[in-house]
Amino acid sequence: MILSMMSPLLPDEIVTDILSRLPVKCLLRSRCVSKFWLALITSPYFIKLHLNRSVQTKDNLSLFMWDEYLYRLNFDFIDDHDLPPTIVDYSPFRFKDGSILHGTSNGLVCMSTSMGIFYIWNPSTRKSKQLPFSPLRMTEHPDIFQEHTYGFSYDIINDDYKVVRLVVFKTDVNGDFINFEIEVYSLKTNLWHKAEKFRHYPNSCGTRDSIAGGAMHWISTVPTVESESESKSLIVAFDMGTEKYRIIPHPKYNPGPLFCLCLNTLGGCLSLSCHYCSMNVDVYVLKEYGGKNEYWTKIISLPPAYFSDPFHIVKTIAYSKCGKKVLLNIDFECLVWYNLEQQALEGIREHDTDQLFEVVTCLESLVSFNVPEAEKFPIKGFQVGSRDEEMEVDCKMTALAMNLGNVRYGNLRAQVMALAFRICEICFFTI
Amino acid sequence: MSSKKMITLKSSDGRIFEVEEAVAQESQTIKHMIEDGYGNSVIPLPNVTGRILYKIIEFCTKHVAVEEDIKQKSVEPTVVVEDVKQKSVEPTVVEDVKQKSVELPVDDDAWDAEPSDIDEWDAQFIDVDESTMFELIVASNYLNIKRLMDLSAQAIADMMKDKTVEEIRKIFNIQNDFTPEEEMKIRNENSWAYE
C-alpha cells in the first residue's frame, strides 16, 4: 500500500465548499494563502454562499448584549454560566450609555452613538460605515419633542440594506401628538429619503419595532368605532422594499384586559408577547408571513405563578439549535429558555452586571459595504447660505452631533445646522 | 440476503468489490450508471484507489443499514479477485485467489441508531489523517455521495480553523503566488485576525 506523501490538489468546487464552512476570522486570514483564494473569498458569490450556510446551520451565532457597554456571547455557550460575555472593544465608536443596537441582518448591525450618529457594522470583519445625517434630524419644528423608532433589514427586492427611521413629534415627552415622519436610508445609494406616511404611527407603550419578511412592524392604538374611550391595537407592517403598508390582523387574545403588547422576532417570524393585567403572558408567532393563509400560533403561555413580581416584559430572542426551546429576555434582567415540549422555563442566566440589558442575535458573515467614490475624500469648508459665512466641518462631525430625545433647538442655530447637514450629506465620508 | 442484487466495482488499482445494490446506490454516480444499464458488468472507478473505495463502501454500508434498521451480525463486502485476463489494460494486482471476507467493525447498539449514535460513528470514521480526508472528499465528490462529502468537508474545515496561513498552504499543497509586499498589504487589512 502506497501512502501518499502529499494531499491531492483539490478541485475548486471542493475548496469552495470547505471554505464556506469556516468562521470569518479564519477566512480573513486565508485571503493571503494564494491569489485564487483571495479572489474566491472576496467574490459576491462566495459571500452569499457563506452567508446562506451561516443562516442554515446557526454555527458561529453570537448574542450581542448591551447596557452601558457592549458584550458578545457565543450562542453555543449561553448555558455555560461560568463563561461571561466578552466586552467588545472593537465597535466602530466608543460604546457607552445611550448607545443603541437597532437591529441586525445578515451579519450586519445597525447601531447609533449616544449622540445619534448611525453606523452599519459587521462585527465579524470589523468593518463599518457611518451613515450620513438626514435632514429630518434638523426639523422644521425646532421646539418639539421627538420620539424615534428604528428598523434595519435586508431588502431582498432591491438587494439592498435599509434603515427606517420613524419620528413622532409631540409637544412634550408625554404630550400631545403633533405629526410624524418616516424616512428610509438605502445603503446602495447612501441616501435618506422620505417615505409616504401611513395614518397609524407607533403610539402604544411597550411596543417595539420588529422586522420580519423584510418589513418593519409597530403597534398603533386607535379608538374603536363604537366608543372614543375604548381603543384597539393595530399591528402595522411597513415593507422596507416596496414601502407599502398593511394591517396585520391580531391573534384572538384570551379574554381579559391587556397590560401591554410587545413585538419581536423569533426565527425570522414576527412574534407578539401579550402581557395581561392578570399577569399571564402569552407569546404568539406569525406563520406564512404575507401569504393567503397567514396565521398566528400561540407557542408560549406563562401563568402568573412564574413571576414573583407582577407585570413582566417577556421578549423573544431566538430558537435553540434543536428548535425545541425559545430564548427569552425577561425584564431586561436575565436570559431564560422556554422548553416548548415541557412548557416550562429553565436555565436562567442572570446578566453579569446589575444593569438592565438588551440583546440581539447576529450571525457571522463576510457581507461588506460598497463605499461610493465620492465618500473617500474628506471635505473641509463650505459656504453657509444667506449668512455668507464659512464653516469648517469637523471631520468626525462630533461638533454637529445632536442629542436625540429631549431635543430643544433655538431657531437660528437649527437653520444653520440644517443647511450644514444637507451639504455634508452629499459629500460625506467614512470614518 | 443472497437474493439481493450485487454490483461489482473495480478500483483504480484493480481491486474488485461486490456490494449490495442499495449500498452502491448511495453513490449517485454509480446509481446513474446502473440506471443506464451498466449494473450487470464490472463498473470501473479509475479515480478511486482500492484503499479509499474500501472505506467508502464501509461508510455506505453502515448508513444504508442504519436507514433500513436491519439487524446483522456482520456486514461483509467481499473482495473477490478474478482472473484478470478479460479486458483490463492497466496492470492489476494479482492476489491469492482465496475468497476473503472482510469483517467491518460492528457496533450492535448502533443498529438502533439515534441520530447521535450515527454521528458518533461518523466522527470516528472521519478521524483520519489529512491526506486520507482529502482522498475521501475527492472520491466522494466524484462518486457523488452527499453525506460523505459533507462529513469530510466539515472535518477538513474543522481541522483548518486554527491553522496558520503557512500551515494551510502546506496541507492544501498550494503555492504562494503573492510577493512579500502584496502579502503584507493583505495581512494589514485585517491584522487583528492574525493574533
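The model shown is predicted, which means the values in this text are computed figures rather than measured ones.

Looking only at helices and strands, chain B features 8 helices and 5 strands. From first element to last, N terminus to C terminus, chain B shows the α and β order β-β-α-α-β-α-β-β-α-α-α-α-α. With 195 residues in all, chain B has 43% of them scored as buried. At a minimum sequence separation of 6, the contacts of chain B that also span at least 24 residues come to 67%. When the accessible surface of chain B is summed, it comes to about 10900 Å², and 50% of that surface belongs to carbon and sulfur atoms.

Counting secondary structure elements, chain A contains 5 helices and 26 strands. Within chain A, the proportion of its 431 residues that are buried is 52%. Restricting the contact set of chain A to residue pairs at least 6 apart, pairs at least 24 apart contribute 52%. About 20300 Å² of surface is accessible on chain A, with carbon and sulfur atoms providing 53% of the total.

All names here are of chain B. Most of strand E1 (residues 6–10) is tucked away, with 4 of its 5 residues classed as buried. Between E1 and strand E2 (residues 16–20), which pair antiparallel one after the other, the connecting turn spans 5 residues, and Gly14 there sits at a positive phi close to 85°. Examined bridge by bridge, E1 and strand E3 (residues 43–44) share 2 bridges and lie parallel to one another. Paired with Leu9 across the strands is Ile43, a residue of E3.

Once that is clear, we can look at the interface of chain B and chain A. Across the boundary between the two partners, chain B contributes 37 residues, which contact 32 residues of chain A. Of the roughly 3300 Å² buried where chain B meets chain A, counting both sides, 64% is carbon and sulfur surface. Contact with chain A buries area across many residues of chain B, yet Asn173, Phe178 and Trp192 of chain B alone supply 18% of it, more than any other trio. Taken together, the connections running from chain B to chain A amount to 2 salt bridges. Between Arg31 of chain A and Glu189 of chain B there is a salt bridge, and its shortest N-O distance comes to 2.9 Å. Taken together, the connections running from chain B to chain A amount to 11 residue pairs in polar contact (both at pLDDT 80 or more).

This part covers helix H8 (residues 180–189) of chain B. Each α-helix turn comprises 3.6 residues. Residues three or four places apart therefore point the same way. All names here are of chain B. Residues of H8 that are buried include every one of Glu183, Ile186 and Arg187, and no others. Angularly, the buried residues of H8 cover 100° about the axis, an arc narrow enough to put them on a single face. For H8, exposure combined with an orientation more than 90 degrees from the buried face picks out Glu181, Lys185 and Asn188.

This brings us to the confidence of the model for chain B. Residue and element names in this part refer to chain B. Of the residues in chain B, 74% reach a pLDDT of 70 or more, and the chain-wide mean stands at 81. Mean pLDDT across the elements of chain B bottoms out in strand E5 (residues 100–101) (40) and peaks in helix H6 (residues 146–160) (96). Contacts of residues 81–114 to residues separated by more than four positions or lying in other chains number 47 contacts, the stretch itself having pLDDT below 50. Prediction confidence for the complex, expressed as pTM and ipTM, is 0.78 and 0.77 respectively.

All names here are of chain A. Taken in spatial order, the 4 strands of this open sheet run E3-E2-E1-E24, and their pairing is antiparallel. Each edge of the open sheet is held by one strand with a lone partner, namely strand E3 (86–87) and strand E24 (358–362). As paired elements, strand E1 (residues 62–66) and strand E2 (residues 70–74) share 5 bridges and run antiparallel to each other. When the sheet's bridge partners are listed, Phe64 is paired in E2 with Arg72.

A separate point is the pairing of strand E13 (residues 215–223) of chain A. Residues and elements named next belong to chain A. For E13, a buried count of 7 out of 9 residues is recorded, marking the element as mostly surrounded by other parts of the structure. Of the pairings in the sheet, the one linking strand E12 (residues 210–212) to E13 comprises 3 bridges and is antiparallel in character. Residue pairing across strands places Ser210 opposite His217, the latter belonging to E13. What sits between E12 and E13 in their antiparallel hairpin is a turn of 2 residues, with Gly213 showing a positive phi close to 60°. Relative to strand E14 (residues 231–239), E13 runs antiparallel, the two being bridged by 9 bridges. Bridge pairing links Ile219 to Ile235 in E14.

Let's shift gears to the sheet that holds strand E11 (residues 191–194) of chain A. Residues and elements named next belong to chain A. Taken in spatial order, the 4 strands line up as E8-E9-E10-E11 in an open sheet, and their pairing is antiparallel. The sheet is open, and its two borders are formed by strand E8 (145–155) and E11, each paired with just one other strand. Within the sheet, the average angular offset between the axes of one strand and its neighbour, ignoring direction, is 25°. Both strand E10 (residues 177–186) and E11 contribute to a ladder of 4 bridges, which runs antiparallel. Bridge pairing links Ser186 to Leu191 in E11.

Moving on, we get to the packing of aromatic side chains. Throughout the structure, instances matching the rule amount to 20 aromatic pairs over all chains. Between the aromatic rings of Phe198 of chain A and Tyr245 of chain A, the centroid separation amounts to 4.6 Å while the plane-to-plane angle is 10°, which identifies the pairing as stacked. Highlighted residues: Phe198 of chain A in the loop between E11 and E12 and Tyr245 of chain A in strand E15 (residues 245–248), separated in sequence by 47 residues. Residue class for Phe198 of chain A comes out buried when judged on its relative accessible area of 15%. With relative accessibility at 18%, the residue Tyr245 of chain A sits in the buried group. Judged by centre distance (5.2 Å) and plane angle (50°), the rings of Phe59 of chain B and Phe125 of chain B are tilted.

Moving on, we come to the pattern of salt bridges. The final tally for this structure, using the stated rule, is 23 salt bridges over all chains. Two residues, Glu147 of chain A and Lys170 of chain A, come together in a salt bridge whose shortest N-O distance is 3.2 Å. Taken as a pair, Glu147 of chain A in strand E8 and Lys170 of chain A in strand E9 (residues 160–170) lie far apart in primary sequence, 23 residues in all. Note on Glu147 of chain A: relative accessible area 32%, which makes it partly exposed. Members of the salt-bridge network, linked through shared partners, are Asp17, Arg21 and Arg53 of chain A together with Lys146 and Asp150 of chain B.

The rules behind these values
Residues numbered from 1 in each chain as written. Chains lettered and ligands numbered in written order. Predicted model: local features only at pLDDT ≥ 70, side-chain atom pairs only at ≥ 80, totals over all residues. Heavy atoms only, no water. Helix = DSSP H or I, 4+ residues; strand = E, 2+ residues; numbered from the N terminus. Buried < 20%, exposed > 50% of the residue type's maximum accessible area, 1.4 Å probe, protein only. Contact = heavy atoms within 4.5 Å. Areas by Shrake-Rupley, 256 points an atom, 1.4 Å probe, with all protein chains shown as cover. Pairing = 2+ DSSP bridges. Buried area = accessible area lost by both parts, 1.4 Å probe. Salt bridge = Lys/Arg side-chain N within 4 Å of Asp/Glu carboxyl O. Polar contact = N/O pair within 3.5 Å; in protein donor to acceptor, adjacent residues only side chain to side chain. Arc of directions from axis to C-beta. pLDDT = per-residue confidence, 0-100. Axes fitted to C-alpha atoms, helices over the stretch in contact; angles between N-to-C directions. Phe/Tyr/Trp six-rings, centres within 6.5 Å; stacked < 30°, edge-to-face > 60°.

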